[in-house]
Amino acid sequence: MPAVLFSLMLLGALCGLGESMSREEKSRLRNQVVEMFDHAYQNYMDHAYPADELMPLTCRGRVRGLEPSRGDVDDALGKFSLTLIDTLDTLVLLNKTTEFEAAVRRVLKDVRLDNDIVVSVFETNIRVLGGLLGGHSMAVMLKDGGQNMQWYQDELLHMAKDLGLRLLPAFNTSSGLPYPRVNLRHGVRGPETRTGTETDTCTACAGTLILEFAALSRFTGDPVFEAHARRAMDFLWEKRQRNSNLVGTTINIHSGEWVRRDSGVGAGIDSYYEYLLKAYVLLGDDQFLQRFNIHYASIMKYISQPPLLLDVHIHKPLLPARTWMDSLLAFFPGLQVLKGDIRPAIETHEMLYQVTKKHNFLPEAFTTDFRVHWAQHPLRPEFAESTYFLYKATGDPYYLEAGRTILDNLNRFARVPCGFAAMKDVRTGSHEDRMDSFFLAEMFKYLFLLFADDEDLPFDIEDYIFTTEAHLLPLSLSTTPHSQSIPSNRTSEEEMDDSNFEWTCPNTRLLFPDPAYPRHLREPIRTAVDKSCPRAAPYREPGMGRPPLRAQDFMANNPEHLELLRRMGVTLIHLKDGRVQLVQHATQAVSAVAAEDGVRFMQEMMELSSQQQKEQLPPRAIQIVSDPFFGRVVLTAGPAQFGIDLSKSATGLRGFVTVAEPYSGCSEITNPEYVRGRIALLQRGQCMFAEKARHIQKAGAIGGIVIDDNEGSSSDTAPLFQMAGDGRSTDDVTLPLLFLFHKEGNILLETLKEYREVEVLLSDKARDRATIFKGKPRPGSQIEGSADVEATEGGCLTEATTPTNFEPISQSLISTLALDEIKPSQEAVSDVDQDTSPMEEASPEEGVGPAEKEASLAEEASTAEEASPAEEASPAEGVGPAEKEASPTEEASPAEERAPPTVADSTQPKEETDSEKSEEGNTDSNQSVDELLADWREDLEAFQQMEKDEL
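Now for a description of the structure that goes with this document. Just so it is clear, the model here is predicted, and its values are computed rather than measured. (Residues numbered from 1 in each chain as written. Predicted model: local features only at pLDDT ≥ 70, side-chain atom pairs only at ≥ 80, totals over all residues. Heavy atoms only, no water.)

Section: the packing of helix 3 (residues 82-93) against helix 5 (residues 121-145)
Part 1 of the reasoning: Closest axis-to-axis distance for the helix 3/helix 5 pair is 8 Å, and the angle between their directions is 35°. Crossing geometry of helix 3 relative to helix 5 is assigned as left-handed. Facing Leu-82, Ile-85, Asp-86, Leu-88, Asp-89 and Val-92 of helix 3, the residues of helix 5 in contact are Arg-127, Val-128, Gly-131, Leu-132, Gly-134, Gly-135, Met-138, Met-141 and Leu-142. (Axes fitted to C-alpha atoms, helices over the stretch in contact; angles between N-to-C directions. Helix = DSSP H or I, 4+ residues; strand = E, 2+ residues; numbered from the N terminus. Left-handed = near helix turned anticlockwise from the far one by under 90°. Contact = heavy atoms within 4.5 Å.)

Topic: the nonpolar core
Part 1 of the reasoning: One finds Phe-100, Tyr-273, Met-351, Leu-410 and Phe-420 to be the most contacted residues of the largest nonpolar core, which totals 172 residues.
Part 2 of the reasoning: At 11 residues, the largest contribution of residues to this core is made by helix 5.
Part 3 of the reasoning: Sequence-distant contacts of Leu-410, defined by excluding residues within four places in its chain, comprise Met-36, Phe-361, Leu-379, Arg-415, Phe-420, Phe-439, Met-443 and Leu-447.
Part 4 of the reasoning: Core analysis: the second largest hydrophobic core is formed by 25 residues, Phe-629, Val-657, Ile-707 and Leu-738 among them. (Core = buried A, V, L, I, M, F, W, Y, C linked by side-chain atoms within 4.5 Å. Buried < 20%, exposed > 50% of the residue type's maximum accessible area, 1.4 Å probe, protein only.)

Remarks on the state of the cysteines
Part 1 of the reasoning: Scanning the entire structure with this criterion turns up 3 disulfides.
Part 2 of the reasoning: With its sulfur 2.1 Å from that of its partner, Cys-202 forms a disulfide with Cys-205. Its S-S torsion of approximately 90° makes the covalent link between Cys-202 and Cys-205 right-handed. Summarising the burial analysis for this pair, Cys-202 and Cys-205 share the class buried.
Part 3 of the reasoning: The disulfide that involves Cys-666 links it to Cys-687, with 2.1 Å between the sulfurs. Every disulfide takes its handedness from the sign of the S-S torsion; for Cys-666 and Cys-687 that torsion is -85°, giving left-handed. (Disulfide = S-S within 2.5 Å.)

Let's talk about the side chain of His-561
Part 1 of the reasoning: Tracing the backbone shows His-561 in helix 19 (residues 559-567).
Part 2 of the reasoning: Classification of His-561 by relative accessible area gives buried; the value is 12%.
Part 3 of the reasoning: Those residues in contact with His-561, other than ones at most four positions away along the chain, are Leu-549, Asp-553, Phe-554 and Met-555.

Section: the sheet that holds strand 12 (residues 324-326)
Part 1 of the reasoning: Taking strand neighbours across the sheet as the criterion, the 3 strands line up as 12-13-14 in an open arrangement whose pairing is antiparallel. Here the strands that pair on one side only, and so sit at the sheet edges, are strand 12 and strand 14 (372-374). Taken over all neighbouring pairs, the strand axes of this sheet differ in orientation by 30° on average, direction set aside.
Part 2 of the reasoning: Across 2 bridges, strand 13 (residues 365-367) lies against strand 14 in antiparallel orientation. The residue of strand 14 that forms the bridge with Phe-366 is Val-372. (Pairing = 2+ DSSP bridges.)

So, unusual backbone geometry
Note: most residues except glycine have negative phi, and most peptide bonds are trans.
Part 1 of the reasoning: Residue Pro-628 follows Asp-627 across a cis peptide bond; omega there is 10°.
Part 2 of the reasoning: Assignment of secondary structure puts Pro-628 in the loop between strand 23 (620-624) and strand 24 (633-637).
Part 3 of the reasoning: That bond from Glu-661 to Pro-662 is cis: its omega, 0°, falls within 30 degrees of zero.
Part 4 of the reasoning: Its place among the elements puts Pro-662 in the loop between strand 25 (653-659) and helix 21 (672-675).
Part 5 of the reasoning: Not every positive phi belongs to a glycine, and Asn-245 is a case in point at roughly 55°.
Part 6 of the reasoning: Residue placement: Asn-245 occurs in the loop between helix 9 (224-238) and strand 6 (250-252).

Quick word on the pairing of strand 23
Remember that side chains alternate between the two faces of the sheet whenever the strand is regular.
Part 1 of the reasoning: Along strand 23, 5 of the 5 residues are buried, which leaves the element largely enclosed by surrounding structure.
Part 2 of the reasoning: The alternating pattern of strand 23 places Arg-620, Ile-622 and Ile-624 on one face and Ala-621 and Gln-623 on the opposite face, and all of these are buried.
Part 3 of the reasoning: By the bridge criterion, 5 bridges tie strand 23 to strand 24 in an arrangement that is antiparallel. When the sheet's bridge partners are listed, Ala-621 is paired in strand 24 with Thr-636.
Part 4 of the reasoning: One ladder, built from 4 bridges, connects strand 23 with strand 30 (residues 759-763); its direction is antiparallel. The residue bridging Ile-624 from the neighbouring strand is Val-760, located in strand 30.

Side note on the environment of Val-104
Part 1 of the reasoning: Mapped onto the elements of the fold, Val-104 is located in helix 4 (residues 97-110).
Part 2 of the reasoning: Residue Val-104 is classed as buried on the basis of its relative accessible area of 0%.
Part 3 of the reasoning: Beyond its immediate sequence surroundings of up to four residues, Val-104 is in contact with Leu-88, Met-149, Trp-151 and Leu-156.

Some words on the pattern of salt bridges
Part 1 of the reasoning: Using the criterion set out here, one finds 47 salt bridges in the structure.
Part 2 of the reasoning: Between Arg-566 and Glu-563 there is a salt bridge; the shortest N-O distance is 2.7 Å. Here Glu-563 and Arg-566 lie together in helix 19, a separation of 3 residues that amounts to about one turn.
Part 3 of the reasoning: Since its relative accessible area comes to 34%, Glu-563 is described here as partly exposed.
Part 4 of the reasoning: It is possible to trace a salt-bridge network through shared partners that takes in Glu-53, Arg-70, Asp-74, Glu-123 and Arg-127. (Salt bridge = Lys/Arg side-chain N within 4 Å of Asp/Glu carboxyl O.)

So this is what it looks like as structure tokens:
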């Protein structure tokens, strides 16, 4: 089939609906895309180059080996100036030919590919090899134009071939599937390689090579690269499940056995399907299209449940494998446009758009009722990609507005002085100190093209196909002579007549006889998403009758409750690791009726645990809004079960902070003249949380912040919990109380020590600058808007409805329940399900790697949410982050998805009471604030210096 015909499939066919957005407005948005690109690119060049990536919160480059390891995610870094190579063809598309020429010269001068470093074959292929080939394509195009790059002699292509040869040793397996990693200098064999022992790889990792490797073969005339990529694709096809025609997520590279048999269109598989269809478009081989069509029919039969796309088991495709979706599947509507199947593309895209509008960004994973499952968002471009393709296919200006939403959210929530920072938690607006290279390679291409007219482009985009990294490969490669040793089912030259294949392009006059057709498809989906995030349903008591103690009312430190449990034959067992189990022995109950009540109580506990695992308890945010921070520092905080619920407040509570005396807050406050009308800072320990709240409330405080006394604790490494009451009514507590771990609390204390007058905003999530300073509310006043709401503007927040949650284990005669991390000194802890510290991330290339290193104040503000998603009127405003080491968040590849936690190692977030906490470790509880803050003085000075530099 002629490749030139599929340019129409790439862009669709405009259906002539007419654009409601003016040319002037499109031009303004297009220019805004360019300005945002310049902000990201220039900061990389100024602060990070020649490092692989920019760390935008600390304004420095990420060099592998010099920063704390992030696990598998660092396998994309090879000390080859990754971001610059990944950005080459973006420069040309955005009409920056001068910058492109300078960038090519830098690559040729500075980049080495023979580094003794282990890299991901998949990431290096799509980002570096693809970037070099895309750059070569652009250089040739410009040179042929006669004005630029006249000196160019295929230097980028020579580098691409050198890299391709360095990747080839990874294919030395009996199956032809590549090892997942390779040493750029030593290959995969021998101890010096530090790799070659892996047995598994993801389907996308092995099946996303054909475009780059075939292009390299066609450009150089060396067939070896295309042959290896085809062999890998052939093997995956042969190993598909023959009944369902689906492939699994992870496969053994030696035996071909499926290691993970769940199948979807997201992480781990996504680009395998993409490359089957695009290989047909680029290479003209009918075999790729036939395979794609067979897979696609199965996807639509088993995985697609419009507008949802849910993973299934390849051997039992009618059995769902999970109840959540990952953000990488957002590319699929764009692929469906390429396929010509527009209706499901519109439906799925609309679902993704509504989720985006609820959370500002697509969470890394979200449930079927559109709640957050994994809260991170590393500025992925897949949703923008599908938005662009759908606009080209339908001409519907609705998708221009979707693009505007993407732009606005990036500027409001992700933009920081040194670039754009990934979101650590879309619910609070906290940041990660990372800006992946794909953000420059993909996001700005698709957004620029979305708002561009043909005359705005330096070349005809229809002459190229996008790789999965949005690199541009010329469709003319389909007619480039190549070795006959490569199997090919291409049609004869006589058949390559455009008129023979008009049927392959969607006829928009039939698809859209009514201009309102796409809108009719979107409306039901918008309604379904809008009705999501309901309040927790009223508890339905299992079984008959009412037991004397309800599970949802149980307090582990309440003597009356413990006596009731004893009568029902339920006892508490303290484990050596500090956890507590509830065990029921029916024979130990005082009567048969009490034993039956005990069984019902345990059943309630099990149902309660199951229910809470499905609910969300988003963290709260403490945002420093006073000069010089202006809302850019956001600290992740835990809520309380009592007092004002900030999730029901439209704008939160704003006030100045002060340290209460005594610092423990366990007796009457002795400095009420300083506490009155302010937010009191307290130290955890020595008494109940509710008792602390009552004391500061009596002193006239408008809110409270409890700071952990466990030195070194952090929201990065410990799950947040909900502060429990004291077993009696807390209706008298009418102020909000939040909890900060030691690391985040010290940021606030150090700031108070340095600036004396520090104003903060307590809220359910970080606010943008326009919201914070609108109307300039009186500092320290209760802000209006505390009426009940079912969902906040930025996300779905579920109120915690019970004081405790247990991880049940059913046994034949004994029902066992565990309270998470209860200390032997009577501190009661129980689980509440929320995604503050997700243990998994939905990226196939990113792995587990929590850093164990101490972070500086500036990096505290990056991992503990510095540079909040406040809307920035100017990149020069506010505080610049200090140049200290990062402390990355924990991440896990879906390919390494973990089993549910056991009772002994559950890491779910939890509720705590602060009663009778062990005196161990608290001997210094009365130490002065000066002693607590001594270690942070040097970091604050660096923080201030960055502020001065930025201003």
